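Each chain is listed here by its residues.
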Amino acid sequence: MPGVVIAESGGGGGGGEDFPAKLTKQVIVCSIIAACGGLMFGYDIGISGGVTSMDDFLIKFFPLVYAKKHHVKENNYCKYDNQYLQLFTSSLYLAAIVASFIASMTCKKFGRKVTIQAASVFFVMGSVLNAAAKDLGMLIAGRICLGVGVGFGNQAVPLFISEIAPTRYRGALNICFQLLITVGILLANFVNYGTSRLHPYGWRISLGGAAVPALILLVGSLLIVETPTSLIERGKKDEGLKILRKIRGVEDVEKEYEMILRATESAAIEKHSYRKLMQRSNRPQLLVTIALQIFQQFTGINVIMFYAPVLFQTIGFGSDASLLSAVVTGGVNVLATFVANLIVDKAGRKSLLIEAAVQMFIAQSVMGGILTTHLKATNSMSNKYAMIVLLLICVFVSGFAWSWGPLGWLIPSEIFPLEVRNAGFFFAVATNMLFTFLIAQAFLTMLCHMQSGIFFFFAAWVLIMFLFAIFLLPETKGIPIDEMTERVWKKHWYWKKYYNSDDIKKEST
Ligand code: BGC
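Residues numbered from 1 in each chain as written. Predicted model: local features only at pLDDT ≥ 70, side-chain atom pairs only at ≥ 80, totals over all residues. Heavy atoms only, no water.

1. Examining the confidence of the model for the chain
Next up, step 1: When pLDDT is averaged along the chain, the result is 87; 92% of the residues meet or exceed 70.
Next up, step 2: With pLDDT under 50 throughout, residues 1-17 is counted as low confidence; its partners more than four residues away or in other chains account for 68 contacts. (pLDDT = per-residue confidence, 0-100. Contact = heavy atoms within 4.5 Å.)

Shown next, in the form of structure tokens:
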């Protein structure tokens, strides 16, 4: 695609210098293909809730849950409380934690492209195992393969995109990853809505459908280039230079090439990036990364994403209406992520996070209030109130989708210095997977014990996040990556104490 030459810093980790680059066809195509990793991740998030509310699936693998669900006297809030059912959803995330650690090393040793290819192969395997599952063991084995795929994909894709993208487009291209996560969730909701009518094998189509985004990624990954940073890092300097010229669409890439070379050389001196990451001077970025991801999950978003159909059945919707409502919340999620894409570089990160925290707090508190007064253990709620709850869920989801969702990934990808960027981003992925696992594993039990109080529990977390965003999160909008430490962290009223020169001197001796 013809593009305008713009003066800007390139994607190799660079900051304040100007590098000429076009937004080329290669960059666009490669980013879209890589972002299909988000599609796979999203499809999985969205598919399991619908499947676990399908009777055919429950009869085959979880007959006890099926019996409980259809027992008239069963407590509304406890219908689905079953550790194995939760393990079906959560096992994926446990596997993904281990896989993302391995992926942080394969990315470095073998490159981003190979890691993305490995992700898609595991994903295809997992989908086949799940679609053909004969027993619970096979089902969980399939989920574990999918988890390995997600771990590999989530570690490699954002890194890949930010390395090939010209800096000016890095934010928008990065949010494409989140956008495709939300599209994947929505697609899964549609598929579930269709397959729930196909008895008794609809659930097999739902689970097997995960192979489609995986195959797109597998075939697509044969077409993508390796990033220049990764090639140069692994000693393939000439090839790195050739690819850099190709993806930038200009001949004059020497300045950017030199910058990548310098950055990879100094990163190579730092053999122990994880040890370096633990040093005091990297503590602010590390703590903020971990906090952002814990908070992202404690908004309670995945309660909606995983269990929306189950939740809607709990508040009294029929099976069809429940799956349809999940489609509605999925649609709101995609649209609101578009909004994030458009305004994140204008409004800034901080104001989005603060506004959304207020919005989510109100939605959750009102929802908790309505459920407390109108949904007792054994009645069902009137349609009017069920619709208001659906509306409040949309208000909540949209707030998440234009703030804590994308920014939970974007901010960690832009705050670490190059020598610890890979290792630092691993903590974002691993914390995300760990807390996603905890929520997935615990939610149905929490719902059973805390009942509607669960929404106040999440609202309380949102309040803490609100304070965190106001006082502890620095604004990173428009700051070149390599100037972050000087211009952001060393100037922040709280985090600057980590840069006390005596402490730094002590550490480096
Ligand atoms: C989160 C997922 C969540 C999704 C919802 C992502 O940023 O990491 O846990 O399900 O957003 O859109």
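Anyway, onward from the coordinates.
2. Some thoughts on the site of the ligand
Next up, step 1: Of all residues adjacent to the ligand, which total 13 residues, the nearest are Gln178, Gln296, Gln297, Asn302 and Asn333.
Next up, step 2: In the model, an oxygen atom of the ligand is placed 2.8 Å from a nitrogen or oxygen of the Gln178 side chain.
Next up, step 3: Here the ligand has 310 Å² of accessible area as a free molecule, and 100% of this is covered by the chains.
Next up, step 4: Looking at the shell around the ligand, the elements with two or more residues in it are α7 (167-195), α14 (283-298), α15 (301-314) and α19 (404-415). (Near = heavy atom within 4 Å. Polar contact = N/O pair within 3.5 Å; in protein donor to acceptor, adjacent residues only side chain to side chain. Areas by Shrake-Rupley, 256 points an atom, 1.4 Å probe, with all protein chains shown as cover. Helix = DSSP H or I, 4+ residues; strand = E, 2+ residues; numbered from the N terminus.)

3. A look at helix α16 (residues 319-347)
It helps to recall that an α-helix has 3.6 residues per turn; residues three or four apart then point in one direction.
Next up, step 1: Here α16 is 29 residues long and its end C-alpha atoms lie 40 Å apart, about the 42 Å a rise of 1.5 Å per residue gives.
Next up, step 2: Taking the largest bend as the criterion, α16 deviates by roughly 35°, centred on Asn341.
Next up, step 3: Within two residues after α16, Gly348 carries a phi angle of roughly 90°, on the positive side. (Expected span 1.5 Å × (residues − 1). Bend = angle between axes of the 7 residues up to and from the residue.)

4. What to know about the nonpolar core
Next up, step 1: Counting residues in each nonpolar core, the largest one holds 148 residues, and the members touching the most others are Phe57 and Trp404.
Next up, step 2: By residue number, the principal contributor to this core is helix α20 (residues 421-450), which donates 16 residues.
Next up, step 3: The contact partners of Phe57, leaving out residues within four places of it in the chain, are Val51, Thr52, Phe62, Phe88, Leu139, Trp203 and Leu207.
Next up, step 4: Leu244, Tyr257, Met259 and Leu261 belong to the second largest nonpolar core, which has 10 residues in total. (Core = buried A, V, L, I, M, F, W, Y, C linked by side-chain atoms within 4.5 Å. Buried < 20%, exposed > 50% of the residue type's maximum accessible area, 1.4 Å probe, protein only.)

5. A closer look at the pattern of salt bridges
Next up, step 1: Applying the stated criterion across every chain, the model contains 9 salt bridges.
Next up, step 2: Among the salt bridges present, the one from Glu256 reaches Arg248, with a minimum N-O distance of 2.9 Å. Each member of the pair, Glu256 together with Arg248, is buried.
Next up, step 3: For Lys490, the salt bridge goes to Glu486, with nearest N and O atoms at 2.9 Å.
Next up, step 4: What you see here is one network of salt bridges that share partners, running through Arg112, Glu163 and Glu233. (Salt bridge = Lys/Arg side-chain N within 4 Å of Asp/Glu carboxyl O.)

6. A short note on the packing of helix α17 (residues 349-374) against α19
Next up, step 1: Where α17 meets α19, the axes come as close as 11 Å, and the angle between the chain directions of the two elements is 150°. The angle between the axes of α17 and α19 places the two elements in the roughly antiparallel class. The two elements α17 and α19 meet at a crossing, and its hand is left-handed. In this structure, α17 uses Arg349, Leu352, Leu353, Ala356, Ala357 and Met360 to contact α19, whose residues at the interface are Trp404, Leu407, Leu410, Ile411 and Glu414.
Next up, step 2: The residue inventory of the contact of α17 with α19, partitioned by class, reads 9 nonpolar, no polar and 2 charged. (Axes fitted to C-alpha atoms, helices over the stretch in contact; angles between N-to-C directions. Parallel < 35°, antiparallel > 145°, perpendicular 65-115°, else oblique. Left-handed = near helix turned anticlockwise from the far one by under 90°. Nonpolar A, V, L, I, M, F, W, Y, C, P; charged D, E, K, R; others polar.)

7. Some remarks on unusual backbone geometry
Next up, step 1: Going from His199 to Pro200, the amide bond is cis rather than trans, its omega being -5°.
Next up, step 2: In this model, Gln451 sits at a positive phi of 50°, which is unusual for a non-glycine residue.

8. A look at a nonpolar patch on the surface
Next up, step 1: A contiguous nonpolar patch, built from Val98, Phe101, Ile102 and Met105 and spanning about 340 Å² of accessible area, is present on the exposed surface.
Next up, step 2: Mapped onto the elements, Met105 comes out in helix α4 (residues 83-109).
Next up, step 3: By relative accessible area, which is 41% here, Met105 ends up partly exposed. (Patch = residues over 30% accessible without salt bridge, like charges linked within 9 Å, V, L, I, M, F, W, Y side chains within 5 Å.)

9. Looking at the environment of Leu353
Next up, step 1: Considering the arrangement of structural elements, one finds Leu353 in helix α17.
Next up, step 2: Those residues within four positions of Leu353 in sequence are excluded, and the remaining contacts are Ser403, Trp404, Leu407, Ile411, Ala469 and Leu473.

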